[in-house]
Amino acid sequence: MYLVRSALNRSRHIQISVGGGLKTRTISMEERYYTAADYHDHFNPNAYLNTYYSDPDGHPDDAGILPFIMEQLHKLFYKEGVSGDRLIDIGSGPCVYSFVSACNNFKEIIASDYIEVNRKATRQWLNKEPGCFNWKPIIERVCSLEGHSNIEEREKKMREAIKDVIHCDVHQSNPIAGSPYKDPFDCVLTLCCLESVSTTKESYIQALQNVTSLLKSGGTFFQFVQPFRSYTVGDKKFAGVLFDQKFLEDAPLQASLTDMKFAIKRNTSDRGSTLEFEFGMTIVAKKI
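Keep in mind that this is a model prediction, so the values were computed, not measured. (Residues numbered from 1 in each chain as written. Predicted model: local features only at pLDDT ≥ 70, side-chain atom pairs only at ≥ 80, totals over all residues. Heavy atoms only, no water.)

Student: A description of the environment of Gly-240 should follow, citing residues and the corresponding values.
Tutor: Structurally, Gly-240 is set in the loop between strand E9 (236–239) and helix H9 (245–250). Counting along the chain gives 37 residues from Gly-240 to Phe-277, while the straight-line C-alpha distance between them is 9.2 Å. (Helix = DSSP H or I, 4+ residues; strand = E, 2+ residues; numbered from the N terminus.)

Okay, structure coming up:
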């Protein structure tokens, strides 16, 4: 989770009754889309988690994206057996679901995020603090994909594997500068991150290059990217950018990545007031 945005004001269309009929009129209403500064002060990780992760099927407006991501991670780590010593997730937000499948395959997992409230939420879960988010339904879903129900054992394994929760900034050439981790990683994950921080194609490519610089030659890169118009957390709405599919598929070539594999999940729902998007896509690649 990582957002940097400029403030936006948008007009709304409303329907009013005129002589028994409906008429559409555009009115000037300042609907605020929150900026990066607001994000630091007003983003609520509990509202975010409760909205989008309470149900393993995800939010109704998400059109099955959460199960899709879990299935793709399951495929990568459980079926294809991608493994190594060290894995880092760039822009984890307050989430740990990306580690449910990975924790059996890596000795050391590092979570990271830009803002402290998200890192704090992850540490609360790691330390089993009262009021921490309940990831059991998500973990149970992944365990069912593996054909078992050892939820408690998997939670224990996740907590053992996640060694640290650190600050990251994908705008920096080294996104984890200042951390004790200097050697490249065997695997880099980034989910719902780069498309949120990037307002132009150029800034997206630069962020992607910065993130993949953390990966060793021959290492595995996994990305879930979901270009969005906006999404809502509590009573706050954050604006996004709709990058096109071809651009996203070509971008890894500019970040020293090869052997790309893509999987697409399109939004066929007519819902979308909470999360407005057209498609989500996973990208799996190797570092040259």
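Student: Could you give me a rundown of the sheet that holds strand E12 (residues 279–287), with the residues and numbers involved?
Tutor: Pairing in this open sheet of seven strands is mixed, and the strands run E5-E4-E3-E6-E7-E12-E10 from one edge to the other. Across the chains shown, the open sheet's two edge strands, defined by having one partner strand only, are strand E5 (162–167) and strand E10 (257–266). On average, each strand axis in the sheet is tilted by 15° relative to the strand beside it, whichever way the strands run. Here strand E4 (residues 106–113) pairs with E5 via five bridges, running parallel. Paired with Asp-113 across the two strands is His-167, which belongs to E5. Sheet strands in contact with helix H4 (residues 116–126) are E4 and E5, and its direction is about 165° off that of E5. With respect to the sheet, helix H6 (residues 151–161) is in contact with E4 and E5, its orientation differing from that of E5 by roughly 55°. (Pairing = 2+ DSSP bridges. Axes fitted to C-alpha atoms, helices over the stretch in contact; angles between N-to-C directions. Contact = heavy atoms within 4.5 Å.)

Student: Mind laying out the side chain of Asp-113, listing which residues take part and the relevant values?
Tutor: Structurally, Asp-113 can be placed in strand E4. Arg-119 is the oppositely charged side chain nearest to the buried, salt-bridge-free Asp-113, at an N-O distance of 5.7 Å. Within the structure, Asp-113 has its side chain in polar contact with the backbone nitrogen of Ile-115 (distance 3.3 Å). (Buried < 20%, exposed > 50% of the residue type's maximum accessible area, 1.4 Å probe, protein only. Lys, Arg positive; Asp, Glu negative; His and termini not counted. Salt bridge = Lys/Arg side-chain N within 4 Å of Asp/Glu carboxyl O. Polar contact = N/O pair within 3.5 Å; in protein donor to acceptor, adjacent residues only side chain to side chain.)

Student: Residues and numbers for the environment of Ser-112, please.
Tutor: Positionally, Ser-112 belongs in strand E4. Taking the relative accessible area as the measure of exposure, Ser-112 reaches 1% and is therefore buried. As for Ser-112 and Ile-166, which are separated by 54 residues in sequence, their C-alpha atoms are 4.6 Å apart. Once residues lying within four places of it in the same chain are set aside, the contact partners of Ser-112 are Asp-89, Ile-90, Gly-91, Ser-92, Gly-93, Ile-166 and Cys-168.

Student: Can you tell me about the pattern of salt bridges, naming the residues and giving the values?
Tutor: Tallied over the full model, the rule gives 13 salt bridges. Close ionic contact of Lys-236 with Asp-235 constitutes a salt bridge, the shortest N to O distance being 2.8 Å. For Lys-236, a relative accessible area of 15% translates into the label buried. You can call Asp-235 exposed: its relative accessible area is 65%. Its salt-bridge partner being Lys-246, residue Asp-250 comes within 2.7 Å of it at the nearest N-O pair. In this pair, Asp-250 and Lys-246 both sit in helix H9, four residues apart, roughly one turn of the helix. Where salt bridges share partners, they join Glu-116, Arg-119 and Arg-123 into one cluster.

Student: Outline helix H8 (residues 201–212), listing residues and values.
Tutor: Spanning 12 residues, H8 covers 17 Å between terminal C-alpha atoms, matching the ideal 16 Å at 1.5 Å per step. Among the residues making up H8, those that are buried are Tyr-204, Ile-205, Ala-207, Leu-208, Asn-210, Val-211 and Thr-212. The elements touched by buried residues of H8 are strand E6 (185–191), helix H7 (194–197), strand E7 (215–225), H9, E10 and E12. (Expected span 1.5 Å × (residues − 1).)

Take it as geometry only, folks, not as evidence of what the structure does.
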